[in-house]
Amino acid sequence: MSKSIKRIGVMTSGGDSPGMNAAIRSVVRTCAFHHIDCIGIYRGYQGMIEADFKLMNARSVNNIINKGGTILKSARSQDFRTKEGRRKAYDNMVDHEIDALVLIGGDGTFTGGMIFNQEYKFPVIGIPGTIDNDIFGTSFTLGYDTALNTAVDAIDKIRDTASSHNRLFFVEVMGRDVGHIALNAGVGAGAEEILIPEEDLGVERLLESLKRSKKSGKSSSIVVVAEGDKTGKNVFELAEYIEKNLPDYEVRVSVLGHMQRGGTPSCYDRVLASRMGVRAVESLLEGKSNYMVGVANDKMILTPLDKAVKGKSEIDAELLRVSDIMTT
Ligand code: F6P
């Protein structure tokens with residue numbers, strides 16, 4: 001392993017996700033295992049600019065594997081988008097003798113890392129942490145599995161009350177650009193309709209389909225809508241349109257929102273975080289940089305950061321078909 005890296009910085013940036021703490025713990029302990037220093041950088045890139053640093057050791061990350069959120073806090077830094085901001089951040093890296101960075105976050109975090117790497121030849125490795133699962137180069141991002149379980153649990157509860165009152169519920173789940181949460185939580189919770197950004201089947205088709213389910217004897221229904229869905233302007237307008245045109249149903253809307261970003265990480269996310277942290281640190285020590293750690297067919301893989309950022313995380317066509325069959 002390369003001797004040149006003696007101190008690694010770790011940060012979480014962008015929207016938080018369950019499993020980030022488990023990833024921080026893994027990075028810190030892998031550094032300890034290889035006898036190198038680990039510096040926790042608070043509030044992402046903003047903390048890098050303001051030198052908000054703390055030397056961490058294996059004991060600094062006791063009892064956090066099961067905690068949601070991120071002990072290092074997270075932020076979306078405007079200052080890091082400027083050359084001056086990045087210059088300050090680089091000067092702080094030099095002053096504090098930080099040789100490389102592990103960046104835990106989504107595509108915005110990786111874009112920042114790539115620019116920093118290009119400008120200063122600074123070694124960086126990314127760990128994909130976002131509930132949206134919208135990153136190319138990994139089948140699972142950290143927090144996605146937990147968010148799915150949270151969403152399914154919430155939809156199950158909504159189904160109870162929907163059924164008691166014979167109501168039609170529109171449930172909005174997160175997913176700004178992709179429908180992974182909506183599709184998987186929708187199938188898992190047995191939703192009658194699932195609306196995702198990747199497919200705009202139109203509001204008329206939705207209306208027809210809901211009419212058909214009413215005729216076939218369904219007295220209550222759940223429609224899962226991804227935040228970024230293009231069918232209606234927003235979930236409330238969509239619900240209003242359906243209520244107007246399908247007066248047989250009493251319609252309600254439930255927006256799950258940020259609850260999907262919190263909570264105890266699932267076992268899957270904890271294990272994935274532990275594996276990703278080890279791979280990230282050891283890749284840096286092997287002299288690799290500008291990659292993202294991911295998982296494919298249950299094996300750890302590396303994808304160049306630019307591909308991870310530019311590539312598209314495709315929706316599963318087979319699952320779409322399954323979902324169509326299930327809603328018959
Ligand atoms: O990217 C993760 C995500 O949770 C999206 O699904 C959502 O659109 C966005 O973050 C919300 O961001 P904020 O926390 O800034 O409201």
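The residue count restarts for each chain, going from 1 along the sequence in the order it is written. Totals for whole chains, interfaces and linings use every residue, but because this is a predicted model, local features are given only for residues with pLDDT of at least 70 and side-chain atom pairs only at 80 or more, for both listing and counting. Side-chain calculation: all heavy atoms of the structure are included, whereas hydrogens and water are not.

Caption draft 1: Region of interest: the overall build of the protein chain. Scanning the protein chain from N- to C-terminus turns up 11 helices and 11 strands. We take the radius of gyration over the C-alpha atoms and set the globule estimate at 2.2 Å times the residue count to the 0.38 power. A compact globule built from 328 residues should have a C-alpha radius of gyration of about 20 Å, and the protein chain, at 22 Å, falls within 12% of that. Burial analysis of the protein chain (328 residues in total) assigns 53% to the buried set. Should any heavy atoms of two residues lie within 4.5 Å, those residues are counted as being in contact. Taking contacts inside the protein chain between residues at least 6 apart in sequence as the whole, the part at least 24 apart equals 76%. Looking at the protein chain, you have 41 positive and 43 negative side-chain charges, and the mean spots of the two groups are 4 Å apart. Each helix is a run of H or I in the DSSP string that is no shorter than four residues. Each strand is a run of E no shorter than two, and both are numbered from the N terminus. Relative accessibility under 20% of the residue-type maximum defines a buried residue, over 50% an exposed one, and the middle range a partly exposed one, all with a 1.4 Å probe and only protein chains included. Positive charges are assigned to Lys and Arg, negative charges to Asp and Glu, while His and the chain termini are left out of the count. We put the charge of a Lys on NZ, of an Arg on CZ, of an Asp on CG and of a Glu on CD.

Caption draft 2: Spotlight on the site of the ligand. Surrounding the ligand, one finds Arg 76, Thr 130, Asp 132, Met 174, Gly 175, Arg 176, Glu 227, His 258 and Arg 261. Definition of a polar contact: a pair of N or O atoms within 3.5 Å, with one able to donate and the other able to accept a hydrogen when the atoms are protein atoms, and with sequence-neighbouring residues admitted only if both atoms are side-chain atoms. In this structure, an oxygen atom belonging to the ligand sits 3.1 Å away from a side-chain N or O atom of His 258. Each accessible area is a Shrake-Rupley estimate made with a 1.4 Å probe; only the visible protein chains count as cover when residues are assessed. Summarising the interface, the protein chains cover 78% of the accessible area of the ligand, which totals 400 Å² for the free molecule. When atom positions are compared with the pocket grids, the ligand is found to occupy the largest pocket. For the shell around the ligand, the domains that each give at least three residues are domain 1 (7–142 + 265–310) and domain 2 (144–261). To be near a molecule or strand, a residue needs just one of its heavy atoms within 4 Å of it. Grid points spaced at 1 Å over the protein atoms alone were grouped into cavities, where a 1.4 Å probe fits but cannot get out, and pockets, open sets with protein on both sides within 12 Å along at least five of seven lines, with lining residues defined by an atom within 4 Å of a point. Any molecule with more than half of its atoms within 2 Å of a cavity's or pocket's grid points is regarded as sitting in that cavity or pocket. The domain boundaries here were taken from an automatic or database domain assignment.

Caption draft 3: Up close: empty space enclosed by the protein. Grid points are joined across faces, edges and corners, and a volume is the space filled by probe spheres set on the points. Inspection of every chain in the model, using the stated rule, returns one cavity of 30 Å³ or more. What the largest cavity holds in volume is close to 30 Å³. Contributing to the lining of the largest cavity are Ile 194, Leu 195, Ile 196, Glu 199, Leu 201, Arg 205 and Thr 231. Across the lining of the largest cavity, the residue classes break down as four nonpolar, one polar and two charged. Ten residues, namely Ala, Val, Leu, Ile, Met, Phe, Trp, Tyr, Cys and Pro, are considered nonpolar, four, namely Asp, Glu, Lys and Arg, are considered charged, and the remaining ones, Gly among them, are considered polar.

Caption draft 4: Fine view of the environment of Arg 81. With respect to the helices and strands, Arg 81 occurs in the loop between strand E3 (53–56) and helix H3 (83–95). C-alpha separation for the pair Arg 81 and Tyr 45, spaced 36 residues apart in sequence, amounts to 9.5 Å.

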